[in-house]
Amino acid sequence: MTPPPPQAGTPSAPSAPTKPISGVDAGLYLHPQTLSRLGTMELRAKMIVEGVTSGMHRSPYQGFSVEFAQHRPYVAGDDIRHLDWKVYGRSDKLYLKQYEQETNLDLVLLVDASGSMNYGSRSFSSASGSGQKTSHDGRGEWTKYDHATATAAALAYMSLKQGDRVGMGIYADGLLDSVARSGSQAAWRRIVGALSTQSVDRPTDLGRTIDQALAKLNNRCLITLISDCFEDVDVLRSALARIRHRRHDAIVLQVLDRKEVTFDLDETAPFLGLEGEGRLRLDPRAIKADYLKAFNEHRESVEKTVKRFGFDYQLVDTHTWLGPPLATFIAKRNALVKRRKRS
Amino acid sequence: MNFLHPGLLLAGVLAVSIPIIIHLLFRQRRKPVRWAAMRFLIEAYRKRRRRLKIEHLILLAVRCLVIACLAFALGRPLLDAAGLLGSSGRDVYVLIDNGVASSLRTTNGETALDAHKRTAKDMLEALNSGDRAGLIALGGPADPIVLPASSDIGAVTRLINGLEATDGATDLQGALGALAAHLESLEGDEDPRPTVGLLLSEFRTGSADITKPLISTLSGLEGVRLLALQPDATSAGNVQIVGIEPLRSVVLTGAGRAAEDVSVRVRLARTGSAVGEAGVTSVRLRALDPNELDAPGADDSRASVRWTPGQSDASVTMSVRLDRAGEAGVGASVLVGSIDRDALEADNSLRTPVRITDALEVGIVGTRRFSGGTSVAQRSAADWLRPALAPTESTPVRITDLEPGALDAPTLAGLDALFVAQPDLVPEESWATLRTFADDGGMVVVTPPSEATVHLWTDPFLRAFGLDWTFGREAIDAPADAVFTIQPDANDGAGSGGVLTLLADELEPLVRPVGVFRTLAPDLGASTGTTRVLSLDNGEPWLVATRPGSGIRGETGANVPSGTPVDNQGSGRGVLFYLASAPTLTWTDLPARPLMVPLAQELVRQGVGSSSAGQAPIAGSPIAAPGGATSITLLSSGSEARTIDVDSSGLVRSPIRKAGVWIARDRAGRDEGVIAVNADTNGARTGVYDPEALLAWIGGVFGPAEGASEAVTWLDPAEPAGALESGERGSPFSMPLLLMALLFAIVETLLARWFAHAWREPGLSRGVIA
């Protein structure tokens with residue numbers, strides 16, 4: 001499927017200025033480098049999703065459209081228009097022809113806006129699309145939430161470009177805000193606008209969030225969870241199980257700051273939790289090994305859990321450009337989808 | 001454990017708190033790090049919490065140990081005092097002479113005390129690390145400044161630097177006694193230390209009176225090695241004022257407060273090399289208001305004394321005007337005599353207070369007669385005393401008649417003197433009131449009652465006044481057709497400061513015609529506190545003087561103002577005279593003789609003067625304050641006001657070692673009298689002794705045993721410190737402690753690095769992203 005031509009409001013070129021939405025420049029989060037890497041990529045649904053318009057993705061609704069799916073024996077009451085007369089002529093048996101209907105993809109982005117996402121060790125100016133030194137609310141750090149916003153913007157932009165509908169939900173201890181699914185080319189701007197104005201200071205409740213989100217989805221979608229996934233693995237497992245049960249496809253993008261991963265801190269200082277964990281004074285060097293062990297075990301556990309459900313997992317580092325890892329991830333995913341389709 | 005520098009140790013120990021303070025400060029001030037992955041941090045911390053706490057405690061303890069070791073090393077500990085290393089140190093007691101003679105200036109302008117201080121400091125510097133030093137100042141009374149000995153040699157040196165010469169005589173006996181008493185108190189110690197006494201004095205004749213042997217204090221000083229400076233062989237000439245003696249210590253101005261010239265005898269003495277030379281000394285005398293001691297002496301009285309070779313004593317009578325001083329609220333004036341400046345300045349001036357009043361208040365205790373009886377034979381003692389005390393209306397003596405049964409404190413409060421003419425009528429309890437009156441400075445004259453045949457009153461009298469006399473129950477009559485005659489007593493000799501000094505020249509013709517028919521003389525026994533003024537030809541005392549309480553052991557010598565006409569000793573400040581015959585014609589014809597009036601006048605004037613006049617004690621001696629005084633305050637414009645309390649027995653609480661004029665005040669702040677403290681002229685004598693004789697005298701403190709004097713060694717004048725130098729100096733523990741501090745510092749560094757986990761574990765910091 002050919003991507004739709006650039007429309008007004010869509011950054012057609014890396015240097016094109018973007019209109020501010022809700023007072024925030026959407027270009028802050030959709031870096032030209034990212035656009036250049038993702039512009040030619042297609043996000044394919046690995047599972048069958050239920051689209052409402054004809055598109056490039058497979059649909060579970062088998063009908064009589066373009067692509068043949070299978071034969072089935074005739075039963076009384078079937079419309080004889082779909083009888084395969086050629087088979088009847090060769091075998092004297094009545095079979096009906098069934099066709100596979102292609103649909104477009106509904107991408108649902110679930111972005112974590114809990115307090116833990118409000119951490120970052122990278123400067124805002126080095127990460128933002130426009131080189132601006134601080135965020136619209138005066139922060140100088142490029143937080144995980146900023147990176148999640150950029151990721152969501154990139155995915156939304158790419159999906160819209162290939163004619164899919166994109167919706168978005170922001171969650172913390174519940175679904176805080178949402179953008180209805182839309183195929184409008186300006187939908188990604190609304191997503192960025194909603195994300196950038198959201199306060200990031202609440203605790204996380206993924207289970208409740210998933211329940212609320214799934215209740216809103218009446219067709220199968222590609223749910224993309226963008227979070228640091230610091231909640232318990234059991235909670236995550238439970239959430240993914242419900243997604244799987246509702247036959248949705250899912251991608252988990254775990255956004256982590258490099259300092260969280262390397263824990264390269266040298267000075268004894270009080271550490272203050274961002275989700276009400278309190279204050280703890282310690283020498284980071286003294287517990288570095290134990291910290292990294294716990295951290296990596298958790299991360300690996302998250303990855304295994306996600307993959308165990310057949311979903312995709314990708315680690316996203318806030319200190320690297322978003323384009324390359326996303327492009328790599330999407331390429332691998334598309335290759336996988338194609339292999340399945342061929343088989 | 002002792003330390004050479006306890007101050008440094010204290011500072012160091014306080015510095016131990018520095019790591020703790022730093023820890024607390026950093027704990028408070030560090031900016032918190034916002035951290036998202038807190039759950040993993042908490043998880044890791046929970047695993048390590050116990051170990052981290054132990055690590056922190058170990059680290060803190062090691063850091064504190066580093067500083068503590070440094071502090072101890074700087075404090076230079078001397079563990080030997082604790083008996084850990086045996087007895088390697090000595091106790092060195094510096095007995096430094098800062099008596100009045102130590103202010104003698106040498107030809108280079110340095111005083112003897114300055115030289116002693118320099119020697120003492122040199123010798124203290126020669127002490128070893130384990131040695132301790134004590135300090136006793138000899139300026140009378142001896143002052144044990146550092147006793148027991150201290151290992152803080154620096155502090156002792158500073159105290160020596162601050163020593164000043166006193167005006168009291170050198171109290172070597174007191175210093176050695178204090179040292180002996182202290183060493184006796186240490187006899188129980190399991191680990192006795194060698195003891196050295198450093199006796200730093202010039203041993204001039206004023207500093208050491210070798211005619212009086214030192215009291216042996218062998219039990220305390222046994223084993224003490226006494227090192228003494230060699231006596232100065234150079235005799236220094238010194239002229240001193242040894243006395244200012246106004247003919248009357250109470251000046252009566254009469255109602256008009258007219259100016260009065262007072263004759264004053266100024267006594268001078270020469271000591272040392274000056275005795276053999278001829279010379280002239282000019283003397284100045286002036287009377288000053290005690291409150292204006294620094295007023296210019298424009299009206300000085302001046303005189304000159306010419307000395308002939310070999311003459312050591314001289315006196316000059318001068319006249320000084322007391323008009324201005326009479327206006328003072330204190331009711332006293334201070335006579336200040338001064339002579340030319342010489343090598344020893346302390347004894348170049350002398351002060352004596354003189355009481356000034358318009359009239360004396362005298363009470364006569366006796367019953368009044370209201371029924372005739374005007375014939376001479378019927379006149380009572382009071383009748384004779386009254387005209388004798390106030391022969392004319394202008395005589396500045398006011399008389400009050402007192403009933404024997406009505407003697408109480410308020411009645412006696414305003415009186416200066418009291419004649420008890422009828423003691424047999426005085427109630428027993430009233431004798432205590434009379435004693436109190438005398439103790440507070442009043443003068444009391446007691447005569448036997450003329451009409452009594454049995455004298456029982458003597459018992460309460462003797463008890464109340466604390467006298468060890470005895471009386472017969474009956475008076476003794478002179479043999480038939482004979483009378484007792486009176487003769488002046490040698491002890492009260494005229495001119496020696498006695499009561500009848502002013503009558504000295506006429507006393508013989510005055511007493512010769514007096515006949516005594518009856519007498520109730522006391523048996524003085526072995527009483528030493530009583531002075532005979534006049535005696536009878538049979539040897540019995542007729543007029544005696546004493547201090548109240550002089551016969552009670554323990555009261556003797558407690559607080560006697562010295563330099564007063566009556567030199568008796570007792571606890572009271574006043575004077576008690578006892579006349580053995582009632583002044584009536586049945587006992588003696590004294591009332592009809594010319595002696596009666598001068599005797600009564602002199603008794604009152606000189607007696608009151610001796611009992612209540614201002615006092616002129618010598619520096620360093622016990623000082624009795626005037627009756628009613630609760631404190632004395634130094635009068636001097638050039639120094640800070642200094643006040644010393646007076647104890648319940650009337651003695652000034654702390655010794656006064658410097659000359660000066662003090663004013664005594666009662667609880668309400670009223671002036672009670674003036675005390676002029678003078679330099680001890682005996683202690684200021686500048687003669688020299690033969691070193692051998694002096695050595696034997698000092699050795700006497702170790703007792704009469706043979707070889708006792710060998711315990712005393714003269715210091716080498718060229719190298720006195722050599723007598724104490726031995727071994728190396730310094731604390732044997734400083735270096736090991738410093739090494740320990742270094743070791744702990746290294747351990748701290750390693751532990752800090754180890755506990756901080758600051759090394760890089762392979763692959764540890766490589767996260768999944770990197």
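Small disclaimer: the values here were computed from a predicted structure and weren't measured. (Residues numbered from 1 in each chain as written. Chains lettered and ligands numbered in written order. Predicted model: local features only at pLDDT ≥ 70, side-chain atom pairs only at ≥ 80, totals over all residues. Heavy atoms only, no water.)

> Help me out: how do you make sense of the overall build of chain A in this one?
Broken down by element type, chain A carries 10 helices and 15 strands. Classification of the 343 residues of chain A by burial places 55% in the buried group. Expressed as a percentage of contacts within chain A between residues at least 6 apart in sequence, the contacts between residues at least 24 apart total 76%. Carbon and sulfur atoms make up 49% of the accessible area of chain A, which totals about 14500 Å². (Helix = DSSP H or I, 4+ residues; strand = E, 2+ residues; numbered from the N terminus. Buried < 20%, exposed > 50% of the residue type's maximum accessible area, 1.4 Å probe, protein only. Contact = heavy atoms within 4.5 Å. Areas by Shrake-Rupley, 256 points an atom, 1.4 Å probe, with all protein chains shown as cover.)

> Looking at this structure, how should I read the overall build of chain B?
In terms of regular secondary structure, chain B is built from 16 helices and 32 strands. Counted over contacts in chain B with a minimum sequence separation of 6, partners at least 24 positions apart contribute 75%. For chain B, the accessible area works out to roughly 33800 Å², and carbon and sulfur atoms hold 53% of it.

> Looking at this structure, I do not really get the packing of helix α4 (residues 112-125) of chain B against helix α5 (residues 153-161) of chain B. What am I missing?
Packed helices, taken two at a time, are described by the angle their axes make and the gap between the axes. Residues and elements named next belong to chain B. Put simply, α4 and α5 touch, their axes get as near as 10 Å, and they point 175° apart. The angle between the axes of α4 and α5 places the two elements in the roughly antiparallel class. On the side of α4, the interface is formed by Lys117, Ala120, Lys121 and Leu124, while α5 contributes Ile153, Val156, Thr157, Ile160 and Asn161. Within the contact of α4 with α5, the residues separate by chemical class into 5 nonpolar, 2 polar and 2 charged. (Axes fitted to C-alpha atoms, helices over the stretch in contact; angles between N-to-C directions. Parallel < 35°, antiparallel > 145°, perpendicular 65-115°, else oblique. Nonpolar A, V, L, I, M, F, W, Y, C, P; charged D, E, K, R; others polar.)

> What is the right way to look at the pairing of strand β19 (residues 417-420) of chain B in this model?
As a general feature of sheets, a regular strand has side chains that alternate between the two faces. All names here are of chain B. Here β19 shows a buried face lined by Ala417 and Phe419 and a second buried face lined by Leu418 and Val420. Judged from the 4 bridges that link them, strand β17 (residues 360-365) and β19 form a sheet pairing that is parallel. Residue pairing across strands places Ile364 opposite Phe419, the latter belonging to β19. Two strands pair when backbone bridges link them, and β19 and strand β20 (residues 443-446) are joined in this way by 4 bridges, in the parallel orientation. From the neighbouring strand, Leu418 faces β20, where its bridge partner is Val444. Each parallel crossover has a hand, and the one from β19 via helix α11 (residues 428-439) to β20 is right-handed. (Pairing = 2+ DSSP bridges. Right-handed = clockwise from strand over helix to strand, strands pointing away.)

> What exactly am I supposed to notice about the packing of α11 of chain B against helix α12 (residues 458-465) of chain B here?
Residue and element names in this part refer to chain B. Direction vectors running N to C along α11 and α12 enclose 35°, while the axes themselves pass 9 Å from each other. The two elements α11 and α12 meet at a crossing, and its hand is right-handed. Listed contacts from α12 to Glu428, Trp431, Ala432, Leu434, Arg435 and Ala438 of α11 are Pro460, Phe461, Arg463, Ala464 and Phe465. Within the contact of α11 with α12, the residues separate by chemical class into 8 nonpolar, no polar and 3 charged. (Left-handed = near helix turned anticlockwise from the far one by under 90°.)

> Looking at this structure, I do not really get the nonpolar core. What am I missing?
Burial of nonpolar side chains together is a common tendency in soluble globular proteins. Counting residues in each nonpolar core, the largest one holds 77 residues, and the members touching the most others are Phe461, Phe465 and Leu534 of chain B. Here Phe461 of chain B is in contact with Trp431, Val446, Leu467, Trp469, Phe471 and Leu576 of chain B, once residues within four sequence places are set aside. Judged by nonpolar contacts, the second largest core, of 51 residues, contains Ala213, Leu214, Leu217 and Tyr313 of chain A. (Core = buried A, V, L, I, M, F, W, Y, C linked by side-chain atoms within 4.5 Å.)

> Explanation requested: the sheet that holds strand β13 (residues 269-273) of chain A in the structure shown.
Sheets are built from strands that pair by backbone hydrogen bonding, the pairs being arranged parallel or antiparallel. If you walk across this open sheet you meet the 3 strands as β14(A)-β13(A)-β2(B), and the pairing is mixed. Whereas interior strands pair on both sides, the edge strands pair on one side only; in this sheet they are β14 (279-282) of chain A together with β2 (33-35) of chain B. The average undirected angle you get between the axes of adjacent strands in this sheet is 35°.

> Hey, could you run me through helix α6 (residues 206-216) of chain A in this one?
In an α-helix, one turn spans 3.6 residues; hence positions three or four apart end up facing the same way. Residue and element names in this part refer to chain A. By the burial criterion, the buried members of α6 are Leu206, Gly207, Thr209, Ile210, Ala213 and Leu214. Looking straight down α6, one finds its buried side chains confined to an arc of 155°; they lie on one side. In α6, those exposed residues whose orientation departs by more than 90 degrees from the buried face are Ala215 and Lys216. Buried residues in α6 make contact with β6 (106-112), β9 (165-171), β10 (175-182), β11 (222-227) and α7 (233-245). (Arc of directions from axis to C-beta.)

> Can you walk me through the packing of aromatic side chains in this structure?
The description of an aromatic ring pair rests on the distance of the ring centres and on the angle between the ring planes. Inspection of every chain in the model, using the stated rule, returns 27 aromatic pairs over all chains. Ring centres of Phe203 of chain B and Trp714 of chain B lie 6.2 Å apart, and the angle between their planes is 65°; this geometry places the pair in the edge-to-face category. Note that Phe203 of chain B is positioned in the loop between β7 (195-200) and α7 (218-221) and Trp714 of chain B in strand β32 (residues 712-714), a separation of 511 residues in sequence. For the pair Phe203 of chain B and Trp714 of chain B, a shared accessibility class is recorded, and that class is buried. Between Trp431 of chain B and Phe465 of chain B, the aromatic rings sit 6.4 Å apart at their centres with planes inclined by 80°, giving edge-to-face as the arrangement. Taken together, the positions of Trp431 of chain B in helix α11 and Phe465 of chain B in helix α12 put the pair 34 residues apart, joining distant regions of the chain. In this structure Trp431 of chain B comes out as buried when scored by relative accessible area, which is 0%. Taking relative accessible area as the criterion, Phe465 of chain B reaches 0% and is therefore assigned buried. Sitting above the plane of the Trp321 of chain A ring, Arg122 of chain A keeps its charged end 5.2 Å from the centroid. (Phe/Tyr/Trp six-rings, centres within 6.5 Å; stacked < 30°, edge-to-face > 60°. Lys NZ or Arg CZ within 6 Å of the ring centre and 35° of its normal.)

> Sorry, what's going on with unusual backbone geometry here?
Note on backbone geometry: most residues besides glycine have negative phi, and most peptide bonds are trans. Cis geometry is adopted by the peptide bond preceding Pro148 of chain B, which originates at Leu147 of chain B and carries an omega value of 5°. Its place among the elements puts Pro148 of chain B in strand β6 (residues 143-150). If you check the backbone angles, Cys229 of chain A has positive phi at about 55° while not being a glycine. A residue is classified by how much of its surface remains accessible, and Cys229 of chain A, at 1% relative accessible area, is buried. In this model, Phe263 of chain A sits at a positive phi of 55°, which is unusual for a non-glycine residue.

> Just checking my understanding: could you explain the interface of chain A and chain B for this structure?
The extent of an interface is frequently quoted as the accessible surface area lost upon association of the parts. Counting from both sides, the interface comprises 47 residues of chain A and, opposite them, 32 residues of chain B. Taking both sides of the interface into account, the surface hidden between chain A and chain B amounts to around 3700 Å²; carbon and sulfur atoms contribute 68%. Counting across the interface, chain A meets chain B through 2 salt bridges. As a salt-bridge pair, Asp290 of chain A and Arg48 of chain B come within 2.5 Å of each other at their nearest N and O atoms. Inspection of the region where chain A meets chain B yields 7 residue pairs in polar contact (both at pLDDT 80 or more). Considering each element in turn, the side of chain A that touches chain B owes the most residues, 14 residues, to helix α9 (residues 284-308) of chain A. In the side of chain A that touches chain B, the residues fall into 21 nonpolar, 8 polar and 18 charged. Pairing analysis gives 3 bridges linking β13 of chain A to β2 of chain B, with the strands arranged parallel. Across the sheet, the residue bridging to Gly273 of chain A is Trp35 of chain B, located in β2 of chain B. (Buried area = accessible area lost by both parts, 1.4 Å probe. Salt bridge = Lys/Arg side-chain N within 4 Å of Asp/Glu carboxyl O. Polar contact = N/O pair within 3.5 Å; in protein donor to acceptor, adjacent residues only side chain to side chain.)

> What exactly am I supposed to notice about the environment of Phe309 of chain A here?
All names here are of chain A. Relative to the helices and strands, Phe309 is located in the loop between α9 and β15 (312-317). Taking the C-alpha atoms as reference, Phe309 lies 7.4 Å from Ala241; in sequence the two are 68 residues apart. Residues within four places of Phe309 in sequence aside, it is in contact with Arg237, Leu240, Ala241 and Arg244.

> Quick question: what am I supposed to make of helix α15 (residues 691-699) of chain B here?
Taken residue by residue, α15 of chain B has Leu694, Leu695, Trp697, Ile698 and Gly699 of chain B as its buried positions. Those residues of α15 of chain B that are buried are in contact with α6 (172-185), β7, β8 (225-228) and β32 of chain B.

> Even after reading the chapter, I still don't get the confidence of the model for chain A, so can you show me in this structure?
Low pLDDT marks regions whose predicted coordinates should not be analysed in detail. Residues and elements named next belong to chain A. Here chain A shows a mean pLDDT of 79. Residues at 70 or above account for 76%. Low pLDDT, under 50, characterises residues 1-22; the predicted model gives this stretch 36 contacts beyond four residues in sequence or across chains. Taken together, the stretch residues 48-54 has pLDDT below 50 and engages in 30 contacts with residues farther than four places along the chain or on a different chain. (pLDDT = per-residue confidence, 0-100.)

> For this particular structure, what's the right way to read the side chain of His298 of chain A?
Mapped onto the elements, His298 of chain A comes out in helix α9. A polar contact is formed between the side chain of His298 of chain A and the backbone oxygen of Cys229 of chain A, at a distance of 2.6 Å. Beyond its immediate sequence surroundings of up to four residues, His298 of chain A is in contact with Cys229, Phe230, Glu231 and Val233 of chain A together with Arg39 and Phe40 of chain B.

> Please clarify how the sheet that holds β11 of chain A should be interpreted in this entry.
All names here are of chain A. Strand order in this open sheet of 6 strands is β10-β9-β6-β11-β12-β15, and the pairing throughout is mixed. Edge positions in the sheet fall to β10 and β15, since each of these pairs with one other strand and no more. Neighbour to neighbour, the strand axes of the sheet diverge by 15° on average, direction disregarded. The pairing of strand β12 (residues 249-256) with β15 spans 6 bridges and is parallel. In the sheet register, Leu256 faces β15, and the bridge partner there is Asp317.

> Got a minute to help me understand the pattern of salt bridges in this structure?
Where charged atoms from two side chains of opposite charge come close, those side chains can pair. As enumerated under the stated definition, the model contains 32 salt bridges over all chains in all. For Lys144 of chain A, the salt bridge is made with Asp228 of chain A, and the minimal N-O distance between the two is 3.0 Å. Linking Lys144 of chain A in helix α4 (residues 144-161) with Asp228 of chain A in the loop between β11 and α7, this pair joins segments that are 84 residues apart in sequence. Residues Glu110 of chain B and Arg118 of chain B are paired through a salt bridge, measuring 2.3 Å at the closest nitrogen-oxygen approach.

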